[in-house]
Amino acid sequence: MLGRMTAGVLAVALFIGVPAFAANAPAPTAAERFEKLPPEQKEALRAKLREFKAMSPEEQARVRANLQRWRQLPPEERERLKTNLRDFQRLSPQERQAVREQVRELRGLTPERRGELRERVRAYLKEHPERREQMLENMRRWRQMSQEQRQEARERLRERRRNK
């Protein structure tokens, strides 16, 4: 959903763009929030700002558009995306590369083919609600697993595929 926006640039954008809420008190400005940060966080934000300023105007516009879309997302969707990003960041470099390659393959499909695949999955899950519930339960269990448990599960799955 957020395209190729880096997590750091998103962090800067969220820090600068999302006000803190307090009862009957004016929201602190970005500068006030910045001043309250520890020095290492300030430097990390400065580095991300330099990264943003080094982008082409087109890339900056894309990041701003992504930030606007982010702000319009419902809170549940934002949480889901944050969880996905944390999960992605916990993957090994090889696993991240595999995910990137799969995403590239999906993006390489025509919009019609992607839509067709999406509809086939939806139809299957609608016809088999027990499978949908099982899939959701599996996703919940996966999110609760440690990295080691996930790696063991991946290895078991690979072994099962080899033995078929």
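Because the structure is predicted, anything quoted here is derived from the model rather than measured.

What counts, and at which threshold
Residues numbered from 1 in each chain as written. Predicted model: local features only at pLDDT ≥ 70, side-chain atom pairs only at ≥ 80, totals over all residues. Heavy atoms only, no water. Salt bridge = Lys/Arg side-chain N within 4 Å of Asp/Glu carboxyl O. Buried < 20%, exposed > 50% of the residue type's maximum accessible area, 1.4 Å probe, protein only. Helix = DSSP H or I, 4+ residues; strand = E, 2+ residues; numbered from the N terminus. Expected span 1.5 Å × (residues − 1). Arc of directions from axis to C-beta.

A. The pattern of salt bridges, seen in detail. Enumeration over the complete set of coordinates arrives at 13 salt bridges. One salt bridge connects Glu35 with Lys42, and the closest N-O pair in it is separated by 3.5 Å. Given a relative accessible area of 53%, Glu35 falls into the exposed group. According to the relative accessible area criterion, Lys42 is buried, its value standing at 15%. When the shortest N-O distance is used, the salt bridge between Glu77 and Arg80 registers 2.6 Å. Highlighted residues: Glu77 and Arg80, both in helix 5 (residues 75–90), separated by three residues, approximately one helical turn. Salt bridges sharing common partners tie together Glu43, Arg46 and Arg50.

B. Main features of helix 4 (residues 57–72). Given a rise of 1.5 Å per residue, 16 residues ought to cover 22 Å, and the 23 Å separating the end C-alpha atoms of helix 4 matches this to within 8%. Among all positions of helix 4, only Gln60, Val63, Asn66, Leu67 and Trp70 are buried. Summarising the axial view, the buried residues of helix 4 lie within an arc of 120 degrees, below the 170-degree limit, and thus occupy one face. In helix 4, the exposed residues that point more than 90 degrees away from the buried face are Pro57, Glu58, Arg64 and Gln72.

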